[in-house]
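Descriptive analysis of the structure
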Amino acid sequence: METVHVQAPVSKLITTPRANATVAHAPGTCGEFFQAALDGQDFLVNCPIDWYAHARVGAASLPGLALANAGNFSKVATAVRRLGKLKHIELQHRLSISSTLPRGKGMASSTADLTAALAAFSSHAGVALSATEMASLIAAVEPSDCVHYPGIARVDHLSGELLHSYPVPQALRVIVVDCGGEVDTLSVDRERARALYRAEQNRVRVAFESLHHGLLRGRFDWIGRAATESAKINQQLLPKAQFPELLRLTALQGATGVNCAHSGSVLGVLYESNRRTEERLTDAIAKAFGSDLKILGNFAVVGGGLHAR
């Protein structure tokens, strides 16, 4: 594994890094429960799952930031340098990222990397980093998901502003399937999306109200209905050929709905935790689609937030 040392500007060191390494974890997502614009406000409601990116920070042997796999994690390096300037930390750290989250699928792999890295770095340096500060650092690098916020978050994903925080729906699970291909988040035509959301404003509003109250009350049926409606609207922007049939057959097997990555290739079959339901859904998907739809795994819906040790 190649390690590249990036020399950082000298600034006032306000803390002494820990002698031992610090590890932080951040969840990826199965796309979003919802993504749209209402009354001119862009937003998404994320769907974090228990599939994590991990970051490890320790002391470097040379001044600067020693980042393993630097070519693959240039966004992480940029964000960490910004954090160093923000908190007046002289970079003298080695940072490594470990993640099996697929890239370009709409599973917040980049945001999970960034969140884990910033959490581990700030914790190791002994400085406080609020979720708002982290959001600003991440948004400066790229439009992002919001796994750094606790619970289920509704955010303006372009600015990183938190609009609302919801409790995690307990015992809600999701079977993540990949329709194939990759999507570059930066290539999304946002003006076309906004035009669609304006045209579908009433539909968007009704569906979002269902999600809002469903998350507050733990109503899986309302959550599933709203997520499905958001995915249906998104079919006009980024169609997934398997979506209609997946929705039909999984509803017959007890699923509460199908959500999507609005700028990715994955779909999620939502259901209340139950082994028999899980088996029926998995068998039905495999039998109907074969190799045309790859099952990436079965995951619990979890809360976002910073986790360091």
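Heads up: these notes are all about the structure in this document. (Residues numbered from 1 in each chain as written. Predicted model: local features only at pLDDT ≥ 70, side-chain atom pairs only at ≥ 80, totals over all residues. Heavy atoms only, no water.)

Attention now moves to the environment of P167. As for its placement among the helices and strands, P167 is situated in the loop between β7 (161-166) and β8 (172-178). Residues P167 and I152 lie 15 residues apart in sequence; the distance between their C-alpha atoms is 6.1 Å. Not counting residues up to four positions away in its chain, the partners in contact with P167 are I152, L215 and L216. (Helix = DSSP H or I, 4+ residues; strand = E, 2+ residues; numbered from the N terminus. Contact = heavy atoms within 4.5 Å.)

One side chain can pair with another of opposite charge once the charged atoms of both are near each other. Across all of its chains, the model carries 10 salt bridges by this definition. One salt bridge in this structure joins D42 and R194, with 3.0 Å as the shortest N-O distance. Of this pair, D42 sits in strand β3 (residues 41-59) while R194 sits in helix α4 (residues 190-199), placing them 152 residues apart in sequence. On the accessibility criterion, D42 (13% relative accessible area) is buried. Judged by relative accessible area, R194 falls into the partly exposed class, the value being 22%. Here K105 makes a salt bridge to D178, at a shortest N to O gap of 2.9 Å. Taken together, the residues K105 in the loop between β5 (92-99) and α2 (109-125) and D178 in strand β8 connect sequence positions 73 residues apart. (Salt bridge = Lys/Arg side-chain N within 4 Å of Asp/Glu carboxyl O. Buried < 20%, exposed > 50% of the residue type's maximum accessible area, 1.4 Å probe, protein only.)

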